[in-house]
Amino acid sequence: MTARFRRCGHGSGPMHPGDQKAVAEFTAMLAARQHPAPWTGRGDTAVRIGERGLERGRPLPDQRPDADPVALTLIHPDTEATLTGTLPCARSLIHGAWTDSYRLLSHALAGRTIDPDLTLEA
């Protein structure tokens, strides 16, 4: 006798609420990644780390909005704990304004450490 599963990758039937939440978060992340909100120089920013990763960066309070490079500290997306010291970041590495949708792409949320020799210069 073969086991029959109710759902596969493209199965029919209602989705479990946990599946619906995961799909909604993933869809929001893809939309935010394709169409980032522009960063105005104020508030937290999404900074490109590596090829696919994004980290949450916070500019210094006295930072000018049009500065290049921007002085940032990387912070944890949930706890807002500081992950690095102040780093000069080229504006070309800023993806856009930080939104919670980017959490799934952050190294810190995945439990990976950020290289202490990280440079954010173009």
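Here is a short report on the structure shown in this document.

What counts, and where the lines are drawn
- Residues numbered from 1 in each chain as written.
- Predicted model: local features only at pLDDT ≥ 70, side-chain atom pairs only at ≥ 80, totals over all residues.
- Heavy atoms only, no water.
- Pairing = 2+ DSSP bridges.
- Helix = DSSP H or I, 4+ residues; strand = E, 2+ residues; numbered from the N terminus.
- Axes fitted to C-alpha atoms, helices over the stretch in contact; angles between N-to-C directions.
- Patch = residues over 30% accessible without salt bridge, like charges linked within 9 Å, V, L, I, M, F, W, Y side chains within 5 Å.
- Areas by Shrake-Rupley, 256 points an atom, 1.4 Å probe, with all protein chains shown as cover.
- Salt bridge = Lys/Arg side-chain N within 4 Å of Asp/Glu carboxyl O.
- Contact = heavy atoms within 4.5 Å.

### Regarding the sheet that holds strand 4 (residues 87-89)
Taken in spatial order, the five strands of this open sheet run 4-3-2-1-5, and their pairing is antiparallel. Across the chains shown, the open sheet's two edge strands, defined by having one partner strand only, are strand 4 and strand 5 (94-97). Geometrically, the sheet is characterised by an average inter-axis angle of 50 degrees between neighbouring strands, direction not taken into account. Summarising the sheet, strand 3 (residues 70-75) and strand 4 pair through three bridges and their orientation is antiparallel. Directly across from valine 70, in strand 4, lies its bridge partner cysteine 89.

### Quick notes on a nonpolar patch on the surface
A cluster of nonpolar side chains, namely Phe26, Leu30 and Leu104, defines an oily patch on the protein surface of about 280 Å² accessible area. For leucine 104, the position within the fold is in the segment after strand 5.

### Concerning unusual backbone geometry
Between aspartate 68 and proline 69 the backbone carries a cis peptide bond, its omega angle lying at 5 degrees. For proline 69, the position within the fold is in the loop between strand 2 (53-59) and strand 3. The phi dihedral of glutamate 80 falls on the positive side, at around 60 degrees, and the residue is not glycine. Structurally, the position occupied by glutamate 80 is in the loop between strand 3 and strand 4.

### Side note on the environment of glycine 57
Take glycine 57: it is sitting in strand 2. Note: C-alpha distance between glycine 57 and alanine 97 (40 residues apart in sequence) is 9.5 Å. Look past the residues within four positions of glycine 57 in its chain and what remains in contact with it is Asp44, Thr45, Val47, Leu72, Thr73 and Leu74.

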